[in-house]
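# Reading the structure
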Amino acid sequence: MSELAHGADGPIPAAEVPEMELPHPHGWWTTYVFSQDAKVIGIQYSLTALAIGMVALVLSWLMRLQLGFPGTFSFIDPQAYYQFITMHGMIMVVYLLTALFLGGFGNYLIPLMLGARDMVFPFVNMLSYWIYLLAVLVLVASFFVPGGPTGAGWTLYPPQAILTGTPGRDWGIVLMLVSLCLFIAGFTMGGLNYVVTVLQARTRGMTLMRMPLTIWGILTATVMALLAFPALFVGAVMLLLDRVLGTSFFMPTLVEMGQQLRYGGGSPILFQHLFWFFGHPEVYIVALPAFGIVSDLISTHARRNIFGYRMMVWAIVVIGALSFVVWAHHMYVSGMHPWFGFFFATTTLIIAIPTAIKVYNWLLTLWHGNIHLNVPMLFALGFIVTFVNGGLTGLFLGNVVVDVPLSDTMFVVAHFHMVMGVAPVMVIFGGMYHWYPKVTGRMLDSAMGKVHFWVTFLGAYAIFFPMHYLGLLGVPRRYYEIGETSFVPASAHDLNAFISVVALVVGAAQMLFLFNLIWSLWHGKDAGPNPWRATTLEWQTPETPPGHGNWGRELPVVYRWAYDYAVPGVEQDFVPQNQPLPPRAQVAKGDATP
Amino acid sequence: MIVALIFVLVAVGSVVFHLLSPWWWTPIASNWTYIDATITMTFWITGGVFVAVVLFLAYCVFRFRAVPGGRATYEPENKRLEVWLTVATALGVAAMLAPGLFVWSRYISVPAHATEIEVVGQQWRWSYRLPGPDGRLGAVETRLIGPDNPLGLVPGDAAGQDDIIIEAEDLHLPIGRPVKVLLRSIDVLHDFYVPEFRAKMDMVPGSVTYFWFTPTRTGTFDVLCAELCGSGHSMMRSRVMVQTAADYQAWLEGQRSFAQLANRK
Ligand code: HEM
Ligand SMILES: [Cu+2]
Ligand SMILES: [Cu+2]
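Residues numbered from 1 in each chain as written. Chains lettered and ligands numbered in written order. Predicted model: local features only at pLDDT ≥ 70, side-chain atom pairs only at ≥ 80, totals over all residues. Heavy atoms only, no water.

### Details of the overall build of chain A
- When you go through chain A residue by residue, the secondary structure sums to 16 helices and 2 strands.
- A compact globule built from 594 residues would reach a C-alpha radius of gyration of about 25 Å, and chain A, at 24 Å, matches this within 12%.
- Along the longest, intermediate and shortest principal axes, the C-alpha atoms of chain A span 85 × 50 × 50 Å.
- Here chain A holds 594 residues, and the buried ones make up 68% of them.
- In chain A, once contacts between residues fewer than 6 apart in sequence are set aside, the share between residues at least 24 apart is 79%. (Helix = DSSP H or I, 4+ residues; strand = E, 2+ residues; numbered from the N terminus. Rg over C-alpha atoms; globule rule 2.2 N^0.38 Å. Buried < 20%, exposed > 50% of the residue type's maximum accessible area, 1.4 Å probe, protein only. Contact = heavy atoms within 4.5 Å.)

### Considering a nonpolar patch on the surface
- Taken together, the side chains of Leu199, Leu208, Met209, Trp314, Val317 and Val318 of chain A define a hydrophobic patch exposed on the protein surface, amounting to about 490 Å² of accessible area.
- Broken down by element, the nonpolar patch gets its largest block of residues, 3 residues, from helix 9 (residues 309-322) of chain A. (Patch = residues over 30% accessible without salt bridge, like charges linked within 9 Å, V, L, I, M, F, W, Y side chains within 5 Å. Areas by Shrake-Rupley, 256 points an atom, 1.4 Å probe, with all protein chains shown as cover. Salt bridge = Lys/Arg side-chain N within 4 Å of Asp/Glu carboxyl O.)

### Regarding helix 9 of chain A
- Given a rise of 1.5 Å per residue, 14 residues ought to cover 20 Å, and the 20 Å separating the end C-alpha atoms of helix 9 of chain A matches this to within 8%.
- Along helix 9 of chain A, the residues classified as buried are Tyr309, Met312, Val313, Ala315, Ile316, Ile319, Gly320 and Leu322 of chain A. (Expected span 1.5 Å × (residues − 1).)

### Observations regarding the packing of aromatic side chains
- A full pass over the atoms with the stated rule returns 71 aromatic pairs over all chains.
- The ring of Tyr210 of chain B carries Lys180 of chain B above its face, with NZ or CZ at 4.6 Å from the centroid. (Phe/Tyr/Trp six-rings, centres within 6.5 Å; stacked < 30°, edge-to-face > 60°. Lys NZ or Arg CZ within 6 Å of the ring centre and 35° of its normal.)

### Overview of the pattern of salt bridges
- What the rule picks out here adds up to 14 salt bridges over all chains.
- For Asp170 of chain A, the salt bridge is made with Arg169 of chain A, and the minimal N-O distance between the two is 3.4 Å.
- By relative accessible area, which is 44% here, Asp170 of chain A ends up partly exposed.
- Put simply, Arg303 of chain A and Asp573 of chain A hold a salt bridge, and the shortest N to O gap is 2.9 Å. Of the two residues, Arg303 of chain A is situated in the loop between helix 8 (268-301) and helix 9 and Asp573 of chain A in the loop between helix 15 (490-523) and helix 16 (583-589); the sequence distance between them amounts to 270 residues.
- Exposure remark for Arg303 of chain A: the relative accessible area of 2% places this residue in the buried category.
- Ionic contacts of the salt-bridge type, sharing partners, join the residues Glu118, Arg129, Asp163 and Arg184 of chain B into one network.

### Observations concerning the coordination of the copper ion (ligand 3)
Residue and element names in this part refer to chain B.
- Within the protein, the copper ion (ligand 3) binds to Cys225 (SG), Glu227 (O), Cys229 (SG) and His233 (ND1); these donor distances fall in the range 2.1 to 2.5 Å.
- Coordination at the copper ion (ligand 3) is tetrahedral, judged from the 4 donor atoms that bind it and the angles of 90 to 126° they form at the metal.
- Sequence spacing of the donor residues for the copper ion (ligand 3), all on one chain, is C-x1-E-x1-C-x3-H. Considered together, Glu227 and Cys229 belong to a single accessibility category, that of buried residues. (Donors = N, O, S within 2.8 Å, 3.2 Å for Na, K, Ca; no water. Tetrahedral: all angles 85-135°; square planar, octahedral: opposite > 155°, others 65-115°.)

### Comments concerning the site of ligand 1
Residue and element names in this part refer to chain A.
- Close to ligand 1 lie 24 residues, the nearest being His88, Trp154, His417, Arg477 and Arg478.
- At 2.8 Å, a side-chain N or O of His88 approaches a nitrogen atom of ligand 1.
- In the model, an oxygen atom of ligand 1 is placed 2.7 Å from a nitrogen or oxygen of the Arg478 side chain.
- Of all the secondary structure elements, the ones that give two or more residues to the shell around ligand 1 are helix 3 (38-68), helix 4 (78-114) and helix 13 (410-440).
- Of the residues in the shell around ligand 1, the class split is 15 nonpolar, 6 polar and 3 charged. (Near = heavy atom within 4 Å. Polar contact = N/O pair within 3.5 Å; in protein donor to acceptor, adjacent residues only side chain to side chain. Nonpolar A, V, L, I, M, F, W, Y, C, P; charged D, E, K, R; others polar.)

### Focus on the nonpolar core
- Core analysis: the largest hydrophobic core is formed by 283 residues, its most contacted members being Tyr95, Trp362 and Leu366 of chain A together with Tyr107 and Phe192 of chain B.
- Counting contributing residues, this core receives three or more from each of domain 1 (2-64 + 77-107) and domain 2 (115-264) of chain B.
- Among all residues touching Leu366 of chain A, those that are not within four sequence positions of it are Ile298, Ala302, Ile371, Met377, Leu381 and Ile384 of chain A together with Leu57, Cys60 and Phe64 of chain B.
- Membership of the second largest hydrophobic core comes to 9 residues, among which are Ile145, Leu151, Ile186 and Phe258 of chain B. (Core = buried A, V, L, I, M, F, W, Y, C linked by side-chain atoms within 4.5 Å. Domains from an automatic or database assignment.)

### Examining the environment of Gly103 of chain A
Residues and elements named next belong to chain A.
- Residue position: Gly103 is located in helix 4.
- For Gly103, a relative accessible area of 2% translates into the label buried.
- Separated by 76 residues in the primary sequence, Gly103 and Gly27 place their C-alpha atoms 24 Å from one another.

### Things to note about the domain arrangement of chain B
Residue and element names in this part refer to chain B.
- Entries for chain B in the domain assignment read domain 1 (2-64 + 77-107) and domain 2 (115-264).
- Surface buried jointly by domain 1 and domain 2 totals about 1100 Å² across both partners, of which 49% is contributed by carbon and sulfur atoms.
- Taken together, domain 1 and domain 2 are joined by 1 salt bridge.
- In this structure, Asp36 engages Arg198 in a salt bridge whose closest nitrogen and oxygen atoms are separated by 2.8 Å.
- For the pair domain 1 and domain 2, the number of links is 13 residue pairs in polar contact (both at pLDDT 80 or more).
- Within the side of domain 1 that touches domain 2, the residues separate by chemical class into 6 nonpolar, 3 polar and 2 charged. (Buried area = accessible area lost by both parts, 1.4 Å probe.)

### Details of the coordination of the iron atom of ligand 1
Residue and element names in this part refer to chain A.
- Within the first shell, the iron atom of ligand 1 binds the protein through His88 (NE2) and His417 (NE2), at distances of 1.9 to 2.0 Å.
- Given 6 donor atoms and angles of 86 to 179° at the metal, the environment of the iron atom of ligand 1 is assigned as octahedral. With His88 in helix 4 and His417 in helix 13, the pair connects residues that are 329 residues apart, well separated along the chain.
- By relative accessible area, His417 is classed as buried at 18%.

### Structural notes on the pairing of strand 9 (residues 219-225) of chain B
Residues and elements named next belong to chain B.
- Among the 7 residues that make up strand 9, 5 are buried, leaving the element largely enclosed by the rest of the structure.
- Both strand 6 (residues 190-193) and strand 9 contribute to a ladder of 2 bridges, which runs antiparallel. Along strand 9, the bridge assignment pairs Phe192 with Cys225.
- Of the strand pairs in this sheet, strand 9 and strand 10 (residues 238-243) are connected by 5 bridges, and their pairing is antiparallel. (Pairing = 2+ DSSP bridges.)

### A short note on the UniProt feature "transmembrane region" (unreviewed entry) in chain B
- The positions UniProt marks with the feature "transmembrane region" (unreviewed entry) are residues 41-62 and 83-104 of chain B.
- Split by type, residues 83-104 of chain B is 100% helix and 0% strand. Its first and last C-alpha atoms lie 31 Å apart. (UniProt positions renumbered as here; feature names shortened; annotations may be inferred.)

### With respect to the interface of chain B and chain A
- The interface is formed by 95 residues belonging to chain B together with 123 residues belonging to chain A.
- In terms of surface lost to chain A, no three residues of chain B exceed Trp23, Tyr74 and Trp104 of chain B, which account for 9% of the buried area on that side.
- Taken together, chain B and chain A are joined by 2 salt bridges.
- Glu77 of chain B serves as the salt-bridge partner of Arg310 of chain A, at 2.6 Å between the closest nitrogen and oxygen.
- On inspection of chain B and its partner chain A, the count reaches 36 residue pairs in polar contact (both at pLDDT 80 or more).
- Only helix 1 (2-20), helix 2 (33-63), helix 3 (79-108), strand 6, strand 7 (200-203), strand 8 (209-213) and strand 9 of chain B provide two or more residues apiece to the side of chain B that touches chain A.
- No other element matches the 17 residues that helix 3 of chain B contributes to the side of chain B that touches chain A.

Here it is as structure tokens:
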């Protein structure tokens with residue numbers, strides 16, 4: 001057997017993790033609202049993210065109504081359409097996915113999976129949530145100010161973002177930038193917390209190489225976010241200054257609608273570099289936690305050890321590092337120096353290698369597994385299909401010259417929705433079906449879950465797969481309407497209508513999921529402590545849902561990696577991380593539980 | 001088993017869709033057939049991988065589904081398999097990257113004898129400028145732009161006097177002659193996009209960007225803007241007519257130069 005399996009029973013360090021002083025809540029407000037318990041904060045993050053995500057979902061319906069049936073809905077004029085696109089994109093990427101993976105799953109799972117009592121800085125952690133909430137509220141406020149939210153596209157490119165030809169130029173853009181700055185401040189507080197907790201508060205025996213991949217994904221993503229968000233922060237501040245004080249960081253001499261403006265000397269491309277220096281890592285900030293979580297879902301529900309754990313960890317870390325040197329693949333046609341194309345195309349395609357390794361290892365985990373098609377597993381499979389699809393079209397867009405005709409077309413929209421829209425959302429759903437029993441003590445209804453999965457997976461595929469072909473045809477993205485052209489055949493309009501109808505159906509399926517979340521709180525089957533018979537620590541808590549401080553009197557001690565499923569010679573098909581040795585071997589060695 | 005079958009259908013359905021799709025790129029009208037060839041090749045490689053992955057997934061779901069008394073095999077690692085897969089992937093990636101970079105080097109090396117023309121974008125219309133008999137475009141400055149100098153030519157520059165200015169009309173190009181398209185914007189980002197030419201590039205206020213191509217087919221082609229530029233973005237249209245040398249010459253005679261336009265005022 002391999003080295004890893006031997007390592008699994010390695011020695012336990014003697015040093016005790018010092019017991020942590022937990023802030024003790026007094027009364028309802030500090031228990032449920034201003035709570036410093038990471039589990040409550042995680043739930044608060046998740047609910048807030050889902051709520052604002054609903055707004056983004058509704059906006060996507062409105063856009064699809066316009067694209068599928070142009071001119072039918074008179075309240076969707078070009079201004080409104082561009083506002084919908086912008087808010088939809090920004091909410092989905094930042095306020096939903098980033099917040100849900102790191103703030104939601106991160107807060108709930110990091111202490112539990114590592115055998116800690118809580119995050120190391122509980123107060124800062126609480127602050128992080130409230131600042132996030134404030135950021136969301138500022139963002140939402142922009143729907144109600146004169147002129148409405150900004151319509152600059154989620155990339156917020158200047159000069160357009162702050163000139164009058166773009167809707168929301170008065171208030172919307174200011175609120176957007178302020179909200180982003182708040183979000184980043186809040187995230188930085190949470191993020192530092194996650195990193196220090198992972199590095200400092202692991203329980204005895206939880207070596208780095210025994211951590212579940214979920215934690216590796218979240219840890220790496222958090223480190224990346226801490227490095228990437230500052231670029232967006234300075235970009236946002238400078239753009240705000242350009243807008244409010246009339247500085248010219250990003251504004252060259254320009255003439256707007258026949259009027260010479262007072263700007264001069266700035267560089268619009270500089271903003272693009274700052275934006276994508278954040279924006280590309282952002283894709284992986286969303287993807288890496290998804291990679292980690294999906295690995296754990298697959299292993300647990302296939303009852304098989306994750307294949308190639310060490311490769312998986314290295315792949316996560318390497319992807320994280322490389323993703324800081326590929327940002328300008330979003331700028332192949334931006335007018336930057338053409339020689340950059342060689343460099344960024346090469347780095348971009350190199351990232352495909354560790355990414356492919358991850359896909360192989362998921363497949364090889366299924367191979368010779370004992371696959372239970374529970375709802376979380378279905379979502380994990382849906383993730384593999386959509387992620388591979390979107391990853392492969394990334395090889396088109398990353399390969400600089402191929403990107404030239406395809407950039408800024410619907411091909412790009414299809415690509416990024418597959419890879420960073422649908423795929424991570426699959427993991428979020430899978431993760432929710434998987435951990436809901438721990439969070440609430442009840443199972444989500446699996447019949448509703450299966451309907452939810454099939455409609456969402458097949459529907460999303462039917463929306464975004466054909467969309468690539470609209471892009472090949474040459475239909476540009478961010479078009480209010482394609483109108484009259486010589487190259488778009490009438491049949492493409494039928495395709496657009498089809499996509500819109502499917503989008504409405506997929507949206508409706510999400511209502512079923514929300515209903516399930518609420519319904520199962522009372523009517524779900526009783527889950528018990530470990531319904532999936534999983535190995536990781538969060539399933540071994542003395543209470544379900546875990547109580548304040550997670551572990552009762554004593555912290556768990558970890559003896560093995562997180563993937564001891566179907567260990568030869570052990571009758572039960574899983575061995576929890578805190579179980580000293582397989583029962584038989586234990587007798588032989590006479591080892592006692594501490 | 002149904003789940004495995006559905007995944008097979010997703011893979012097969014995608015291939016069938018690809019083969020039968022009436023939506024495919026518009027016939028090319030420039031020299032960039034290389035780009036199309038690279039895309040086609042990328043389609044084959046990635047399509048093969050996609051189908052293989054999804055079919056393998058479906059196979060696993062079918063073959064290794066949970067059965068009473070079933071049990072997985074314990075195998076944490078398999079170095080040989082992992083190395084083998086990594087190398088194969090690296091080769092596949094290199095097979096796509098190499099031609100891609102080769103074509104890119106063509107894309108960015110403009111032939112010495114290419115004619116320079118200029119496209120100017122502004123919210124939300126296109127203007128064009130062609131060099132006059134001297135074959136050179138005169139200097140421009142954004143701050144000189146005004147009602148009687150819409151493109152901001154420097155009045156004192158001799159090279160600019162014979163430049164042909166085309167406002168609110170179609171651009172005409174002769175077939176078979178390479179053109180270097182200089183791109184300029186006077187307000188926000190735009191992107192000069194003609195699907196049939198395949199080539200495109202953003203226009204950035206404050207700098208001049210470019211791309212080159214050779215028109216290879218006569219006809220009239222739509223010009224669209226491919227970079228969000230405000231609420232008129234999707235309405236920012238124009239057309240390019242690619243003509244035979246004789247037709248082009250005839251059209252050119254009817255156009256007015258910067259000096260002629262200035263004198264009329
Ligand atoms: C069924 C679900 C969804 C539908 C129907 C949908 C639909 C759309 C549509 C119609 C656009 C405008 C495309 C264009 O013309 O440029 C768009 C843009 C976008 N969507 Fe989605 N979307 C969905 C889910 C998501 C998710 C989960 C994400 C998360 C990453 C996402 C991120 C974006 C982004 C970043 C943009 C670009 C915004 C921009 O161009 O500024 N979408 N979406
Ligand atoms: Cu990127
Ligand atoms: Cu535009």
